[in-house]
Amino acid sequence: MAGPTMISKVKAYWAPLILFGLGLFYQLVVLPRSFPPSHYDALGIKPYSSVEQVKEAYEKFSSKWNSGEEIPSTADFLKIQYAYELLTDPLWKRNYDVYGIDEQLHILEKVREQYGEESYSRIDLPLLDATDHSVHAFNVVTSEDFPSIFHDSKPWLIQVYSDGSYLCGQFSGAWKTIAALLEGIANTGMVELGDIRLATHLAERKPIGQIFFRREMHTGLPSLVAFPPGCKSSDCMTRFEGELSVDAVTDWFATAILKLPRIFYYTKESMGKNFLAKTGPHKVKVIFFSKTGERASPFVRQISRNYWAYASFAFVLWREEESSIWWNTFEVESAPAIVFLKDPGVKPVVYYGSFNNSRLSEVMEQNKLQELPQLRSVTSMELGCDARGYSRAGSDTTIWYCVILAGRLSPELNKMRETMRRVQETLLSDDESNAADTDQSLAPAAVAFRNKRLTFAWLDGEAQDRYCSFYLFSETSFETCGARRDMSDVPRLFIVRYKRNTTEDEAKIERKPRNIWDAMQEQEVDPASQLVVRYNGSDEIPQIAKWVSEIIQDGDSKDLPFYRAKTPELVPEDSEPLLTRSAQSLFSKSIGMKQRIRNIMGQCYDYLGDPRIGPALLLAALMSFGTIWLMRGQQRAHPSQSGQPGPSANEDENRPARRKRAKQGSNEGRPPSITDEEPKDAYQMPLLDSDSD
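Below is a summary of the structure that appears in this document.

Calculation criteria
Residues numbered from 1 in each chain as written. Predicted model: local features only at pLDDT ≥ 70, side-chain atom pairs only at ≥ 80, totals over all residues. Heavy atoms only, no water. Helix = DSSP H or I, 4+ residues; strand = E, 2+ residues; numbered from the N terminus. Buried < 20%, exposed > 50% of the residue type's maximum accessible area, 1.4 Å probe, protein only. Contact = heavy atoms within 4.5 Å. Polar contact = N/O pair within 3.5 Å; in protein donor to acceptor, adjacent residues only side chain to side chain. Phe/Tyr/Trp six-rings, centres within 6.5 Å; stacked < 30°, edge-to-face > 60°. Lys NZ or Arg CZ within 6 Å of the ring centre and 35° of its normal. 1 Å grid on protein atoms, 1.4 Å probe; cavity = no way out; pocket = protein on both sides within 12 Å on 5 of 7 lines; lining within 4 Å. Points joined across faces, edges and corners; volume = space filled by probe spheres on them. Nonpolar A, V, L, I, M, F, W, Y, C, P; charged D, E, K, R; others polar. Pairing = 2+ DSSP bridges. Axes fitted to C-alpha atoms, helices over the stretch in contact; angles between N-to-C directions.

By the secondary structure assignment, Tyr401 is in strand 13 (residues 399-407). You can call Tyr401 buried: its relative accessible area is 0%. Residues Tyr401 and Tyr498 lie 97 residues apart in sequence; the distance between their C-alpha atoms is 6.0 Å. In this view, Tyr401 contacts Arg453, Leu454, Thr455, Ile495, Val496, Arg497, Ile551, Ile552, Gly555 and Asp556; residues no more than four positions away in its chain are not counted. Within polar-contact distance, the side chain of Tyr401 engages the side chain of Asp556 at 2.7 Å.

Pasting the structure below:
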């Protein structure tokens with residue numbers, strides 16, 4: 001019987017037993033490892049003792065060793081010598097006392113493995129390298145100027161460093177590169193660990209309140225913290241916990257903090273089908289050729305987001321064995337280089353060399369549009385082809401022109417786009433040539449083109465059906481505008497003359513609408529008048545140029561009607577697929593999983609040093625034991641309430657009869673009431689009707 005009784009007790013008390021075992025294990029094993037003996041304990045002095053006290057303690061040990069009174073073991077000698085060298089350096093001692101930083105502890109383990117059980121006299125001293133490891137700091141932020149650094153909405157990346165840190169000195173070169181890559185899109189700064197107030201503000205805190213800086217699962221420096229755009233306090237501050245390399249830091253900052261899209265690499269096999277074929281015809285293709293295969297720098301990704309409406313971006317890793325392919329395809333001779341692919345049939349534009357933020361921005365601004373730009377919702381105002389806007393020459397220009405080639409995407413449209421590019425070149429060369437060699441018939445168009453009063457553009461008639469039909473409304477407009485109905489694609493050319501009435505614009509500002517009808521009329525029409533002329537001639541370049549010049553001459557010299565209308569809105573193009581996904585989803589799954597596991601392990605490691613966990617487990621075991629013991633005692637005191645067989649079926653049937661007898665017996669000797677049953681000799685008294693009397 002002892003066996004079953006013991007087993008039943010173990011089953012009943014399994015929870016408090018487990019809690020009690022965990023509490024003992026934490027107190028006796030886990031907690032001592034979380035609080036190993038300090039270097040002060042190795043010298044036999046109190047924590048946070050001064051440098052003089054450290055030297056006095058070491059001299060006592062040294063005198064005993066020199067006199068032969070005591071011969072230390074190699075392990076003891078290494079502990080004492082390491083503690084002495086660490087705690088006599090002011091910067092190392094400060095880092096150890098305040099933040100628990102001991103970044104050279106691996107040297108102690110290395111020397112211990114190297115010398116093993118040999119005599120301590122054979123060990124080369126000093127153990128630690130005491131040479132100058134000062135960091136070449138720049139953009140140093142102090143506690144006094146920290147509140148005033150957030151004067152704009154730019155994000156901040158701050159490095160917390162120590163002048164005496166060997167690892168911080170190693171990271172100095174990488175930090176300079178990171179700061180250069182972030183120039184123009186983010187602010188960078190450095191905080192020295194000696195600024196206790198600010199360093200404590202940027203540090204992490206363990207559950208017991210101890211401040212520390214985490215570096216790859218351990219305590220150490222340098223530590224990087226980021227303040228996202230608009231963040232001005234530590235509540236929204238983000239810490240970098242990955243590998244301290246230029247690529248890892250800049251990729252984390254660009255993706256997690258700036259929310260910038262990534263630019264992918266393509267090979268010679270995937271370039272055509274995955275990039276060129278999937279990029280819209282309205283965008284310029286920008287291809288970066290890299291020798292190193294590094295990710296796109298943050299400023300390149302920032303520029304790609306700024307110009308996403310105009311261009312699509314790709315990277316290619318340059319290999320010498322593939323150089324002939326890239327030369328035949330894009331006329332690229334070497335890397336690094338940037339290639340701009342514009343209109344079909346146009347020679348690629350190639351730039352060689354490295355680019356910084358300002359130079360790349362300048363090059364992008366020069367090449368963001370195609371040679372014959374497309375009329376789109378994002379370019380209409382910039383091109384001066386919008387009746388709600390102004391000319392490219394400025395708001396003071398009252399009359400300007402826009403020559404538009406409309407049609408569906410087809411070989412016929414590409415051929416006509418090439419013709420219009422030749423027209424532009426003809427007008428440009430005519431304007432730059434001598435007066436004697438100039439064809440005077442083209443002068444009006446050439447002068448207007450030079451003065452930015454004339455713009456050439458092409459329109460996707462299928463995507464911009466309503467806009468195209470508004471200007472080319474006729475029985476045959478289906479050949480140019482809207483979805484393709486048959487195999488016929490006929491590009492058509494027309495010119496729009498815009499004119500603004502400055503007197504009416506000024507009067508409109510001063511005059512208020514008298515009623516709702518006047519206000520609606522003002523809103524329904526565009527401010528600039530439009531006169532449209534369609535071209536019905538041949539596709540010859542001189543004839544088209546001459547036609548444009550005649551229209552401009554007539555439009556500038558004749559007093560034409562001032563007709564205003566409501567132009568249909570241009571349909572916005574689809575956004576770049578790369579930008580429709582959130583920046584967090586661009587992380588690879590493996591990196592995301594590793595980062596999550598690392599964060600969980602770091603949090604668990606922080607809680608291992610909490611001395612409150614052991615007593616809490618023991619208290620929980622005691623309370624659980626007491627609760628179970630009390631419940632078992634109550635069960636033994638009232639055995640009928642538990643462990644007894646349930647009532648039989650006969651007892652269930654006889655239960656109503658017993659209740660009835662008990663109720664009858666309880667009513668004996670009581671006076672009758674209105675709630676009792678009717679007596680046998682009772683009769684009903686008739687009621688008197690007062691109305692019958």
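Now for the packing of aromatic side chains. A complete count under the given rule lists 33 aromatic pairs for this structure. Centre to centre, the rings of Phe171 and Trp175 are 6.3 Å apart; their planes meet at 40 degrees, and the pair counts as tilted. Here the residue Phe171 and the residue Trp175 both occupy positions in helix 8 (residues 166-181), the gap between them amounting to four residues, near one helical turn. Taking relative accessible area as the criterion, Trp175 reaches 1% and is therefore assigned buried. Directly above the ring of Tyr390 sits Arg500, whose terminal nitrogen or CZ lies 4.0 Å from the centroid.

Counted according to the given criterion, the structure contains seven cavities of 30 Å³ or more. Approximately 90 Å³ is the volume found for the largest cavity. Every residue lining the largest cavity is listed: Leu86, Trp92, Asn95, Ile101, Asp102, Glu103, Gln104, Ser162, Gly164, Ser165 and Leu221. Looking at side-chain class alone, the lining of the largest cavity contains four nonpolar, five polar and two charged residues.

Quick look at the sheet that holds strand 8 (residues 238-239) now. Read across the sheet, four strands follow the order 2-1-7-8 without closing on themselves; strand pairing throughout is mixed. Taken across any chain shown, the strands that pair with only one partner, and hence form the sheet edges, are strand 2 (187-192) and strand 8. As paired elements, strand 1 (residues 156-161) and strand 2 share six bridges and run parallel to each other. Note that in strand 2 the partner of Leu157 across the bridge is Thr188. Relative to the sheet, helix 8 contacts strand 1, strand 2 and strand 7 (223-227), its axis offset from that of strand 1 by approximately 170 degrees.

Geometric descriptors of this kind do not, in isolation, establish any biological role.
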